[in-house]
Amino acid sequence: MTATAATLLDRFEQPARLVMARLTDEERVVVERELAELGQGRDYGGSAFAALRALAAAVPDRLYDDSARVLLRMHEIAGSGNYQSCLSSLPTVRACFDLGLVPDQPDDGDDGVATLVVGRGHIAPSFYAERYVRGGLPFLPLTTLHKDGLSGVVHRDWGFRNTMRYSLGVGLAQAVSLALDLRRRGDRRKVVCLAGDGELQEGVTFECLRFAHEAGLDNLLLVVDANGRGIEPLRAPVSRDYLATYLGPIVETDGRDPAAVHKTLQELLDRPGSAVLLCRTRKEGHSFKLPAPPGAPPSRPSFANTAGGQLAEFQRATGRRLAVFTADMAARFGLPDRVGYENVGLAETLSVGLTLSLPEDVVKVVATDGMYYMDSLSMLTEATTSVRNLMVLAGRSWGAWGGAANAVNLLDLVVGTRVYEPVTVAEFRACAERLLLEPDTAHVVSMIDARFTEPAADAARDIDGGIWITEPPPDHDGGALVTFGYATVLVQEANRDLGLPHLHCAALRPEFDTGLVDQLRRFRRLLSVEYNAPAGGFGEGLRARYLLGNDVLGVEGDIHNCVHEGQLARHGFAPAQLVARLEALTQEGRGHEPPRP
């Protein structure tokens, strides 16, 4: 499929226009020139990535000649990202360009001395920045990082050999796969895999290194960005002895010096056999955030960030011993200085495994990302069938990914679980107390990684039922709303002036009494709203369990590469967008699809 100027405009123009205020005057001039060039409607041919290279050649102005400066500007414009991780790896990325390990196209380089696999997938911006200063990318796409434009992780569409979706550690698996295939074909080229020391804590990396050793692979070079941090500081430095056992020689270099990395990596490429290059680097905090304007009040913490304080209060009130485990997610859940916990690094499976033999009366809490526990599904199955008093805190809920949706799709189909999405402190406490009443059933608590004001009412008194946020008027039989979790917050704002009857649920599979079911059936139109995938979700559960003829409004499709505020608008869940959808309930009869954005 050839790439035209129109395809590039469709991809990059809108997100670039949205951040124009954050650009310098010089940057705006160049971006406008690049957009004007695209406006000529040329057919560049080839892939979208090749078309971007053609655009860079057509508008050759380079605003910066230092990729570190470009990298910083990308994050300043985006307002978010993994700046410190990208900066830590930038000298190694420069050395890879200098050695010819970074091809112009993902499928190029079959005749080169080595093939590069980027396991540290979230450092893609480092490659974009270096490509830019070398004339291989225009400035336009750099302004769209994390804004639904340029992907923040490595992807074949944007110049990398392989694609990464969500999991660290998969890059080493890709590298071992490629190294094995090359050896079987008699190709003597080596595979260079860029990884991080935090990433090497992933369970799959242990399996990969063991297999590479047992398969006798002699064509794998593992380059480790050793900065002593994952998301949080590592418990101990990466083990040289462990790596040497499986991959042979361990060579260290100053990872902050591109020339030193270049020299050492060249020597290892020329030397026969597999090896490990440890690049000693430095990394400060994990997530990049723009500084608050002078005099601005402190920002409200996300709801997920309140979990540490709520767990501490639960422990104080009940006297129960807690055992809290997390895979580098302590900051997201506000655990430090609130409740004792064990950070297992990025070993998600271990965070679950450490719960297996603890005393029954201990409340076991696994605080993980809504996507991370996809990595540990087998261990979660073991835990949910054998561990009493198990609570899984599922952070983040972006679109069809994360939180409650993953819990029901991955866990509930294997073994019975209870899944909740509290939106008030009282609801969280009720979920925790509910676990003590039914310790044999794992309780998954979806903790929304967003800032919001608690709704006017909550379901704490009946955590498995529902509570009317807006009571139906007497004899009202028109339209009504039933919402789950975080959707309640969004719908409540959109419904402020409409005043539609609004029932809120904190349980993904609520338990309604017959009186409430009869009341819901009397409404001529019922709309269920959830900020998760509707397939097998909250609304479909209401249909299946109670035969309610509700229209389901939820997020369809995969996660998109944009921050939370962008997710709401992308899926039509910003309050202003929801108003138009809710107004459809004034129509008579059921079966009318709510208007789509």
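This text follows the structure it describes.
Thresholds applied
Residues numbered from 1 in each chain as written. Predicted model: local features only at pLDDT ≥ 70, side-chain atom pairs only at ≥ 80, totals over all residues. Heavy atoms only, no water. Pairing = 2+ DSSP bridges. Helix = DSSP H or I, 4+ residues; strand = E, 2+ residues; numbered from the N terminus. Axes fitted to C-alpha atoms, helices over the stretch in contact; angles between N-to-C directions. Core = buried A, V, L, I, M, F, W, Y, C linked by side-chain atoms within 4.5 Å. Buried < 20%, exposed > 50% of the residue type's maximum accessible area, 1.4 Å probe, protein only. Contact = heavy atoms within 4.5 Å. Arc of directions from axis to C-beta.

*Asks:* How would you summarise the sheet that holds strand β14 (residues 467-470) if you had to cite specific residues and measurements?
*Replies:* In a beta sheet, neighbouring strands pair by backbone hydrogen bonds and run either parallel or antiparallel. On the basis of which strands lie adjacent, the open sheet formed by five strands has the order β14-β16-β15-β17-β18 and mixed pairing. Of all strands in the sheet, those with a lone pairing partner are β14 and β18 (551-553), marking the two edges. Each neighbouring strand pair of the sheet contributes to a mean axis angle of 25°, computed without reference to strand direction. Both β14 and strand β16 (residues 502-505) contribute to a ladder of three bridges, which runs antiparallel. Pairing of isoleucine 467 across the sheet is with histidine 504, part of β16.

*Asks:* Before we move on, could you go through the nonpolar core and cite the residues and values that matter?
*Replies:* Ranked by size, the top nonpolar core spans 67 residues in total, and within it Leu101, Leu116, Phe127, Tyr128, Leu142, Val192 and Leu265 carry the most contacts. With seven residues, helix α5 (residues 83-98) is the single largest residue contributor to this core. Apart from the residues within four sequence positions on either side, leucine 116 is in contact with Cys96, Leu101, Val102, Phe127, Arg161, Val192 and Leu194. Listed in part, the 56 residues of the second largest apolar core include Phe314, Leu335, Val445 and Phe452.

*Asks:* Account for the sheet that holds strand β10 (residues 363-369), naming residues and giving values.
*Replies:* In spatial order, the strands read β9-β8-β10-β11-β13-β12; together these six strands make up an open sheet with parallel pairing. Each having just a single partner strand, β9 (342-343) and β12 (417-420) make up the two edges of the open sheet. Of the strand pairs in this sheet, strand β8 (residues 322-326) and β10 are connected by five bridges, and their pairing is parallel. Following the sheet pairing, leucine 322 is matched in β10 by valine 363.

*Asks:* Which residues make up helix α20 (residues 575-583), and what values do they have?
*Replies:* Along α20, the positions that sit buried rather than exposed are Leu578, Arg581 and Leu582. Buried positions in α20, seen along its axis, are confined to an arc of 95° and lie on one side of it. For α20, the secondary structure elements touched by its buried residues are β15 (479-484), α16 (486-494), β17 (525-530) and β18.

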